[in-house]
Amino acid sequence: MDLNSASTVVLQVLTQATSQDTAVLKPAEEQLKQWETQPGFYSVLLNIFTNHTLDINVRWLAVLYFKHGIDRYWRRVAPHALSEEEKTTLRAGLITNFNEPINQIATQIAVLIAKVARLDCPRQWPELIPTLIESVKVQDDLRQHRALLTFYHVTKTLASKRLAADRKLFYDLASGIYNFACSLWNHHTDTFLQQVSSGNEAVILSSLERTLLSLKVLRKLTVNGFVEPHKNMEVMGFLHGIFERLKQFLECSRSIGTDNVCRDRLEKTIILFTKVLLDFLDQHPFSFTPLIQRSLEFSVSYVFTEVGEGVTFERFIVQCMNLIKMIVKNYAYKPSKNFEDSSPETLEAHKIKMAFFTYPTLTEICRRLVSHYFLLTEEELTMWEEDPEGFTVEETGGDSWKYSLRPCTEVLFIDIFHEYNQTLTPVLLEMMQTLQGPTNVEDMNALLIKDAVYNAVGLAAYELFDSVDFDQWFKNQLLPELQVIHNRYKPLRRRVIWLIGQWISVKFKSDLRPMLYEAICNLLQDQDLVVRIETATTLKLTPVDDFEFRTDQFLPYLETMFTLLFQLLQQVTECDTKMHVLHVLSCVIERVNMQIRPYVGCLVQYLPLLWKQSEEHNMLRCAILTTLIHLVQGLGADSKNLYPFLLPVIQLSTDVSQPPHVYLLEDGLELWLVTLENSPCITPELLRIFQNMSPLLELSSENLRTCFKIINGYIFLSSTEFLQTYAVGLCQSFCELLKEITTEGQVQVLKVVENALKVNPILGPQMFQPILPYVFKGIIEGERYPVVMSTYLGVMGRVLLQNTSFFSSLLNEMAHKFNQEMDQLLGNMIEMWVDRMDNITQPERRKLSALALLSLLPSDNSVIQDKFCGIINISVEGLHDVMTEDPETGTYKDCMLMSHLEEPKVTEDEEPPTEQDKRKKMLALKDPVHMVSLQQFIYEKLKAQQEMLGEQGFQSLMETVDTEIVTQLQEFLQGF
């Protein structure tokens, strides 16, 4: 591509590509795509985006296409790779001038230079770093800033490389330029500090921007540029100097307004200082040891004393608390239980920590956290009044919650209390003691202090286990507090029920639960919405969700609670809150199971409306699906009444052509499965949903196991209708799956086939006929995976035992395929079956194998007679598996026989049988494995063989069997 002639054409097409008119835009994009691989195209782009007289949008697009080209065509091994000559020209052009006037374009140019540097620096581009170093020294503000910006992006990119050779190159680079980077940063920092009092916002901002960029460079060099940074005096000097610089910058905040760009940049720079310390601690904990004392002193003074008043801000406090927390929790600083096993570095760090965290310091931190940082703020109390649902979402972990001060203070409290619980437990107990009895509702400060202390007691529940008699405290202090209904007392009502939720899984007598249920019923009727939502949370977290739950204690309150929870679900409007309440309802339904039936009518009527309203909220729909799963399980066969709503929901959730399936599929499949398991009979609509299955099987995702369970569910529910409608397509899907699926997946496919043969021995083999040769071949060739071979034999055993004519036709088909005689192939199959019998571990399948092979008798076929010994061996093994001795009569009995359907008693802890469980039991009553006595079957087959061959011929046949086996057989057949 000739530069002179091409520039005009490319410029014209780029201009068209910025058009809003798709008729102009699309052809331009196609043309640009074709030029991507043309030699010289990127040189033209470079000329265009470095020409400051051209339209900004055109230049922006040229930069983006250039960046895209680096990703695709810069590497030597890439298809259509750029020539080395063009790359040399481009590299030189990129760093000729750092004078881009537009910030956004300047950032993109810096990023694309960094991308090239990642691939070429320093070997193919040794001049890059020296050029950048010289450029950041120039006096021109714009050039200096752009060079610094590029310097940062290049350093950041090179620091991110992880291969050992690349790490070595970066270490060399860092050693070579660290001194310069420090001097540069100090220069810009001093300049800013001198200019901050001038009041000239533009000058201050320009200087601060350079300080920020040079600090970003230093951060990458310091954290990633040295193997043992504590041995480098410049690195440690910079880190030690951070604390003084931080003080200077914090003081500057007094003279810079609270609401302008300078303030924003200043705070970003202060936060960046803390990030340097946090990153360095994370990457080099032992190199950080000399900084532990200073870091703790600095952080504690600014966060927990008056030093920080007027200069700190929330994000800075969060960072300081994170620094304290990382030092307290750092595994590298924790000695082994046996101190002698710890490294000297660990012991030194531990010693510094212990020297700092004295009793007075820990006490002050604890008291300050509770009495200052745990207090509900005016802003939070206002939000409580004006937006109660928004308040609860924030408190329970909304998107902004994890970045805010409150959770950070709570985590710090938990970590420090855990680390120093022996020191801090008496401090917290003393704070509890001072708050006994009710608090004056007129004293809002006292109420907030008590709320904060109760918060601390809840957070430290596990640490206080042996120090607090919670049962007595619950009865004497907490329950009475819940009964104070004054509006001003609502923060404490909310906090107390939350506190109980924290303690109930730690230490709470089962006998007290009815009192708690009574309190929950009252609080679910509280006049305050936040209190009601918090109460619902407590109900989910504890009484209905732990191992000590007793249904008999809960049932007297079930109707009231369920009704009130449903009313709360209707009342709340936020998607997150509705999800929250729905989850609580699901937990209740799951716990009481069938006993929920009298109370769910209102919820069943409301869910279709909620489903419709939540069309844009897939996570709420997931919560509805979870609720429906538990509802269907609770309703059992009565869930059929939900089908007009339930089946379209399953249809949508499991249709991979519908966008919502990305969110709903997993829960939708689970709902589909439980619906089948609890369905009393098939319906046309339930059968129709199976059209969704074929694309799901093609996905071969982690949901495949559930898909197989669903297919089995249909087979157990209505095998004839189901197989006649879907078996052909299902068989095609299975044949494709068997080519590429894992061993476990093969077993799942074959189990479906095995179930189909068990349920419908006549139709099943016909419908899955294309798969059976695959199974036969696997047996003949001696499949090497035992679990797969076991399943093959289970499938073939069903065909041989329950559909002899089909087995004969299959044997005939396979004889043609293998080009063998049928008898020879049958002999090979029996031989492999006998040889691999030990692969079968399930007693049912072992008995099935014995019955199937015995079904070949009586026979005058010489091949079968030749394998007679093996068949008898398998049969005796089967007898050992299934025969149990009756201690009263001394006779043997087949333990797998089922003579009638017994309804087992269901204990309180067990789930009642589903409709599918009942179907499986009915099926067992027709299954030869459970209906035919193996003992009698062997006797009858041997007797028939004896009658066919005569006494002498039969005796000759029996002589082929090992005498020990014959003796065991005779023992089992005594009495026949």
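Residues numbered from 1 in each chain as written. Predicted model: local features only at pLDDT ≥ 70, side-chain atom pairs only at ≥ 80, totals over all residues. Heavy atoms only, no water.

A count of helical and extended segments in the protein chain gives 47 helices and 2 strands. By principal-axis analysis of the C-alpha atoms, the protein chain measures approximately 120 × 90 × 70 Å. Expressed as a percentage of the 976 residues in the protein chain, the buried residues total 54%. Taking all contacts inside the protein chain whose residues are at least 6 apart in sequence as the whole, residues at least 24 apart take part in 74%. Accessible area of the protein chain: about 44,200 Å², with a carbon and sulfur share of 50%. (Helix = DSSP H or I, 4+ residues; strand = E, 2+ residues; numbered from the N terminus. Buried < 20%, exposed > 50% of the residue type's maximum accessible area, 1.4 Å probe, protein only. Contact = heavy atoms within 4.5 Å. Areas by Shrake-Rupley, 256 points an atom, 1.4 Å probe, with all protein chains shown as cover.)

With 20 residues, helix H11 (residues 233-252) extends 28 Å from end C-alpha to end C-alpha; this agrees with the ideal 28 Å at 1.5 Å per step. Roughly 35° is the biggest bend found in H11, and it falls at Ile-242. All of the buried residues along H11 are Val-235, Met-236, Phe-238, Leu-239, Ile-242, Phe-243, Arg-245, Leu-246, Phe-249, Leu-250 and Cys-252. Turning to H11, the residues buried within the fold contact helix H9 (164-195), helix H10 (201-224), helix H12 (261-283), helix H13 (289-304) and helix H14 (314-329). For H11, the capping residue at the N-terminal end is Asn-232, with a side-chain oxygen 2.9 Å from the backbone nitrogen of Glu-234. (Expected span 1.5 Å × (residues − 1). Bend = angle between axes of the 7 residues up to and from the residue. Polar contact = N/O pair within 3.5 Å; in protein donor to acceptor, adjacent residues only side chain to side chain.)

We now examine helix H31 (residues 661-677). A rise of 1.5 Å per residue sets the reference length of H31, with its 17 residues, at 24 Å; its end C-alpha atoms lie 22 Å apart and thus fit the reference within 8%. Of all the bends in H31, the greatest measures close to 35° and is centred on Asp-667.

This part is about the pattern of salt bridges. For the coordinates displayed, the defined rule picks out 41 salt bridges. Of the charged contacts in the structure, one is a salt bridge between Glu-744 and Arg-705, with a shortest N-O distance of 1.8 Å. Placement of the pair is Glu-744 in helix H35 (residues 743-759) and Arg-705 in helix H34 (residues 704-740), with a sequence separation of 39 residues. Judged by relative accessible area, which is 42%, Arg-705 ranks as partly exposed. Note that Lys-867 is salt-bridged to Glu-831, the shortest N-O span being 2.8 Å. Placement of Lys-867 in the loop between helix H42 (862-866) and helix H43 (868-882) and of Glu-831 in helix H40 (residues 822-835) is noted, with a sequence separation of 36 residues between them. (Salt bridge = Lys/Arg side-chain N within 4 Å of Asp/Glu carboxyl O.)

UniProt marks residues 28-100 with the feature "domain: Importin N-terminal" (unreviewed entry), using the numbering shown here. The distance separating the terminal C-alpha atoms of residues 28-100 is 26 Å; by composition the span is 63% helix and 0% strand. (UniProt positions renumbered as here; feature names shortened; annotations may be inferred.)

Moving on, we get to the nonpolar core. Phe-413, Trp-672, Ile-711, Tyr-714 and Phe-734 are the most contacted members of the largest nonpolar core, which has 341 residues in total. Broken down by element, the residue count for this core peaks at 17 residues, all from H34. In this structure, Ile-711 is in contact with Phe-690, Met-693, Leu-697, Phe-722, Leu-730, Phe-734 and Val-752, ignoring residues within four places of it in sequence. (Core = buried A, V, L, I, M, F, W, Y, C linked by side-chain atoms within 4.5 Å.)

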